[in-house]
Amino acid sequence: MSKPDQLHRYLFDHYQVRGELVQLQHSFQQILEAQAYPVPVQRLLGELLTATSLLTATLKFEGHITVQLQGDGPVSLAVINGDHNQHLRGVARWQGEVPDSSRLADLVGKGYIAITITPNDGERYQGIVELNENSLAESLENYFAQSEQLPTRIWLFTGLTGQPAAAGMLLQALPSDDASQRDDFAHLEALTATVKAEELLQLDAQEVLYRLYHQEAVRVFDPQPVRFQCTCSKEKCEQALLQVGQEEAMEIIQEQGNIEMHCDYCGRHYRFDGSDVQNLFGQTLH
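Just so it is clear, the structure is predicted and the values come from calculations on it, not from any experiment. (Residues numbered from 1 in each chain as written. Predicted model: local features only at pLDDT ≥ 70, side-chain atom pairs only at ≥ 80, totals over all residues. Heavy atoms only, no water.)

Draft legend 1. Molecular detail of the nonpolar core. The biggest cluster of nonpolar side chains holds 63 residues, and the ones touching the most others in it are Leu-69, Ile-113 and Ile-115. It is helix H2 (residues 39-56) that contributes the most residues to this core, eight residues altogether. Apart from the residues lying within four places of it in its own chain, the contact partners of Ile-113 are Val-67, Gln-68, Leu-69, Gly-127, Ile-128, Val-129, Leu-131, Leu-136, Ser-139 and Leu-140. Tyr-10, Ala-165, Leu-203 and Tyr-213 belong to the second largest nonpolar core, which has 23 residues in total. (Core = buried A, V, L, I, M, F, W, Y, C linked by side-chain atoms within 4.5 Å. Buried < 20%, exposed > 50% of the residue type's maximum accessible area, 1.4 Å probe, protein only. Helix = DSSP H or I, 4+ residues; strand = E, 2+ residues; numbered from the N terminus. Contact = heavy atoms within 4.5 Å.)

Draft legend 2. Spotlight on the pairing of strand E1 (residues 6-12). For E1, the tally of buried residues reaches five of seven residues, placing the bulk of the element in the interior. Note: E1 against strand E2 (residues 17-24), six bridges, orientation antiparallel. Following the sheet pairing, His-8 is matched in E2 by Leu-21. Hairpin connection of E1 to E2: four residues between the antiparallel strands. Summarising the sheet, E1 and strand E11 (residues 224-225) pair through two bridges and their orientation is antiparallel. (Pairing = 2+ DSSP bridges.)

Draft legend 3. Expanded view of a negative patch on the surface. A grouping of Glu-247, Glu-248, Glu-251 and Glu-255 is seen on the molecular surface, where their side chains present a negatively charged patch. Secondary-structure assignment places Glu-248 in helix H9 (residues 246-256). (Patch = residues over 30% accessible without salt bridge, like charges linked within 9 Å, V, L, I, M, F, W, Y side chains within 5 Å. Areas by Shrake-Rupley, 256 points an atom, 1.4 Å probe, with all protein chains shown as cover. Salt bridge = Lys/Arg side-chain N within 4 Å of Asp/Glu carboxyl O. Lys, Arg positive; Asp, Glu negative; His and termini not counted. Charge placed at Lys NZ, Arg CZ, Asp CG, Glu CD.)

Draft legend 4. Quick look at the state of the cysteines. Under the counting rule described, the total for this entry stands at zero disulfides. No disulfide involves Cys-263; its sulfur sits 3.4 Å from that of Cys-230, the nearest cysteine. Assessed through its relative accessible area of 8%, Cys-263 is described here as buried. (Disulfide = S-S within 2.5 Å.)

Draft legend 5. Spotlight on the packing of H2 against helix H4 (residues 136-147). It is the contact of H2 with H4, at a shortest axis distance of 10 Å, that shows an interaxial angle of 25 degrees. Considered as vectors, H2 and H4 are oriented roughly parallel to each other. In this structure, the crossing between H2 and H4 has a hand that is right-handed. Between H2 and H4, the contacting residues are Glu-47, Leu-48, Ala-51 and Leu-55 on the first element and Leu-136, Leu-140 and Phe-144 on the second. Classifying every residue of the contact of H2 with H4 by side-chain character gives six nonpolar, no polar and one charged. (Axes fitted to C-alpha atoms, helices over the stretch in contact; angles between N-to-C directions. Parallel < 35°, antiparallel > 145°, perpendicular 65-115°, else oblique. Left-handed = near helix turned anticlockwise from the far one by under 90°. Nonpolar A, V, L, I, M, F, W, Y, C, P; charged D, E, K, R; others polar.)

Draft legend 6. Inspection of the packing of aromatic side chains at higher detail. Tallying each qualifying case throughout the model produces six aromatic pairs. With centroids separated by 5.7 Å and ring planes inclined at 80 degrees, the aromatic side chains of Tyr-10 and Phe-12 adopt a geometry described as edge-to-face. Like Phe-12, Tyr-10 is buried. Aromatic side chains Phe-12 and Tyr-15 sit 6.3 Å apart centroid to centroid with 65 degrees between the ring planes, which places their arrangement in the edge-to-face category. Tyr-15 shares its class with Phe-12; the two are buried. Ring-pair connections join several aromatic residues into one group, and the members of that group are Tyr-10, Phe-12, Tyr-15 and Tyr-213. Seen from the ring of Tyr-265, Arg-89 lies directly overhead, with NZ or CZ sitting 3.8 Å from the centre. (Phe/Tyr/Trp six-rings, centres within 6.5 Å; stacked < 30°, edge-to-face > 60°. Lys NZ or Arg CZ within 6 Å of the ring centre and 35° of its normal.)

Draft legend 7. Looking closely at the pairing of strand E9 (residues 165-173). Taken across its nine residues, E9 has nine buried, putting it largely inside the fold. Going residue by residue along E9, you find Ala-165, Ala-167, Met-169, Leu-171 and Ala-173 tucked away on one face and Ala-166, Gly-168, Leu-170 and Gln-172 tucked away on the opposite face as well. Where E2 and E9 come together, eight bridges link them in antiparallel fashion. Its bridge partner lying in E9, Val-22 is registered against Gly-168. From the end of strand E8 (residues 152-159) to the start of E9, which pair antiparallel, there are five residues, and Gly-162 there has a positive phi angle of about 75 degrees.

Draft legend 8. Spatial organisation of the side chain of Gln-29. Position of Gln-29 relative to the elements: it lies in helix H1 (residues 26-33). For Gln-29, a relative accessible area of 16% corresponds to the buried category. Not counting residues within four places of it along the chain, the set of residues in contact with Gln-29 comprises Gln-163 and Pro-164.

Draft legend 9. Structural context of the environment of Asn-132. For Asn-132, the location among the structural elements is in the loop between strand E7 (125-130) and H4. Residue classification places Asn-132 among the buried positions, given a relative accessible area of 18%. A C-alpha to C-alpha distance of 9.4 Å links Asn-132 and Arg-103, two positions 29 residues apart in sequence. When sequence neighbours within four positions are dropped, the list of residues in contact with Asn-132 reads Leu-104, Glu-138, Ser-139 and Asn-142. Polar contacts involving the side chain of Asn-132 include one to the main-chain amide nitrogen of Asn-134, which spans 2.7 Å. (Polar contact = N/O pair within 3.5 Å; in protein donor to acceptor, adjacent residues only side chain to side chain.)

The quantities given are spatial measurements derived from coordinates; they are silent on function.
Shown next as structure tokens:
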């Protein structure tokens, strides 16, 4: 059954710990429709999409976040862009045969994960950590251990049977001087770790949270919608042509008959013929 793409934030009344739960179907499917991704790449993109949504929810300001995997393996690049409104898009590049493995080292090889945070007002920040050989979740946990130094656990799941879906959870300790926080976090971590992939992918968020924490006092906030949004446009393509210049643009037209631009994020095509190029540069001269 189809569920809305939503991110749920929650707090524990008796512990200095916060949580997030996200379930994605439509946005994930739209990313997969842009290219014919091999199944292992689809799984990786599902995890990366889920992770970026969870990380975007940790932003305390308006802005953008980019989570990028890069390595020397069959999947050379996988990237998801998101913003504070939970508008997400993503793409991956691969070559050759991709092994049917969920182990990160088999897909991306030796590489790194770069998380770039760009506030609408303020300075850009980038954190880089080496990829954990086993999983994306462990790589991100290492990132939090180095950057924020707050205990953080992440669970990521992708389901490709039937209707593709992705889901995940994040548990993070809040800044606190309470000496018992470590034990409190370990207790909640143990509860959250009992979540099964099929539960998180198929059940409503409220039911999942009840199953995990029915003996705890949990405050769940209103869910935030998540959706796929590509930022490509005809106007951006025109700006790119203006950067190329009229002479070079017309040379391409003469050689190829037209200029075609393709968006890897959404699969949209933009085509410009000689008249389009002449009109474009003619308009800029007035």
